[in-house]
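Each chain is listed here by its residues.
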Amino acid sequence: MSNTKSKTLTPLAETVLTLDETFLELIKLGSRIGGMEMRSDNDFENIQQLMRRFAECAKGVSEGVVAMSSALNEARAAAESAAQVVAAKAEELQLAQAERAQKMEAFRILGEKVQALNASLVDLKRPEGHVATDQDRAKISMRLSELELQLPTLIEEVQNLKTDAEKLKMTSLELSTKSLKQSMVELSKRLQSLQQSPQVLQ
């Protein structure tokens, strides 16, 4: 067996190959010894040498079986250890996926809240030609104040979500939260402007 080949084999494979080679030699020796004739001194000497080699091979087979059993146990333990590592990683992956899904859901909800705020501004706009009464202006001003009060909390939520996206290396979500935050800042400025001049909604 070449050094290059042996480096690519596991201890179990090397043990099995060694045992197989020894076993094959044992079988060949047994067949050879069984067919030998004992007519001369050389025949006796040769058969004795082969029998000694047969005994060595028999011992090698016995030791190889023990070594293979040990290698099998080690391989089983290694496989179980690898399975535990993979199971732990699978659980980690599942948790990570769940966390990412939760962040995406949080972004979706934030987006809906921002859309609702924008829709509220549209609802406040009076029909063309409508002359707002003092009561209308008071309601508009109160509603604008309510909307303005909601924004700081939403901006904080989206900033926290952006920070989480950075930690989780969720580039797409990070960019989306950045864009959403900018939209909310612009919305805040618009609300402040409308608070000062609510008549623009008329």
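First, a word on scope: everything that follows refers to the structure included in this document.

Calculation rules
- Residues numbered from 1 in each chain as written.
- Predicted model: local features only at pLDDT ≥ 70, side-chain atom pairs only at ≥ 80, totals over all residues.
- Heavy atoms only, no water.
- Helix = DSSP H or I, 4+ residues; strand = E, 2+ residues; numbered from the N terminus.
- Buried < 20%, exposed > 50% of the residue type's maximum accessible area, 1.4 Å probe, protein only.
- Contact = heavy atoms within 4.5 Å.
- Areas by Shrake-Rupley, 256 points an atom, 1.4 Å probe, with all protein chains shown as cover.
- Expected span 1.5 Å × (residues − 1).
- Core = buried A, V, L, I, M, F, W, Y, C linked by side-chain atoms within 4.5 Å.
- Polar contact = N/O pair within 3.5 Å; in protein donor to acceptor, adjacent residues only side chain to side chain.
- Salt bridge = Lys/Arg side-chain N within 4 Å of Asp/Glu carboxyl O.

1. Notes on the overall build of the chain
Part 1: The helix and strand inventory of the chain stands at five helices and zero strands.
Part 2: Beginning at the N terminus, the succession of helices and strands in the chain can be written as α-α-α-α-α.
Part 3: Looking at the chain as a whole, 22% of its 202 residues are labelled buried.
Part 4: Put simply, of all contacts in the chain between residues at least 6 apart along the chain, 70% involve residues at least 24 apart.
Part 5: Accessible area for the chain stands at about 14100 Å²; split by element, carbon and sulfur atoms hold 55% of it.

2. Here we look at helix α2 (residues 11–35)
Part 1: Look at α2: 36 Å from first C-alpha to last across 25 residues, which is about the 36 Å you get at 1.5 Å a residue.
Part 2: All of the buried residues in α2 are Thr-15, Leu-19, Thr-22, Leu-26, Leu-29 and Ile-33.

3. Looking at the nonpolar core
Part 1: Residues Leu-121, Met-184 and Leu-191 are the most contacted members of the largest nonpolar core, which totals 19 residues.
Part 2: Those elements that place two or more of their residues in this core are α3 (41–124), α4 (134–167) and α5 (171–196).
Part 3: Top element by residues in this core is α4. It accounts for eight residues.
Part 4: In contact with Leu-191, not counting residues within four places along its chain, are Leu-121, Leu-144, Leu-147, Glu-148 and Leu-151.
Part 5: Counting eight residues, the second largest nonpolar core, distinct from the first, contains Leu-29, Ile-47, Leu-50 and Val-61.

4. Concerning the side chain of Thr-22
Part 1: Here Thr-22 shows up in helix α2.
Part 2: A relative accessible area of 17% places Thr-22 in the buried class.
Part 3: A polar atom in the side chain of Thr-22 sits 2.9 Å from the backbone oxygen of Thr-18.
Part 4: Excluding its chain neighbours within four sequence positions, the residues that come into contact with Thr-22 are Cys-57, Gly-60 and Val-61.

5. A short note on the environment of Gln-182
Part 1: Among the secondary structure elements, Gln-182 is positioned in helix α5.
Part 2: Gln-182 sits 27 residues away from Ile-155 along the chain, and the two C-alpha atoms are 9.1 Å apart.

6. Looking at the pattern of salt bridges
Part 1: Counting across every chain of the model gives nine salt bridges.
Part 2: Residue Lys-89 pairs with Glu-92 through a salt bridge whose shortest N-O separation is 3.2 Å. Of this pair, Lys-89 and Glu-92 both sit in helix α3, three residues apart, which is roughly one turn of the helix.
Part 3: The exposure class assigned to Lys-89 is partly exposed, which follows from its relative accessible area of 49%.
Part 4: In this structure, the salt-bridge partner of Glu-157 is Lys-113, at a minimum N-O distance of 4.0 Å. Residue Glu-157 is located in helix α4, and its partner Lys-113 is located in helix α3; the two are separated by 44 residues in the primary sequence.
Part 5: The partly exposed category is assigned to Glu-157, whose relative accessible area is 31%.

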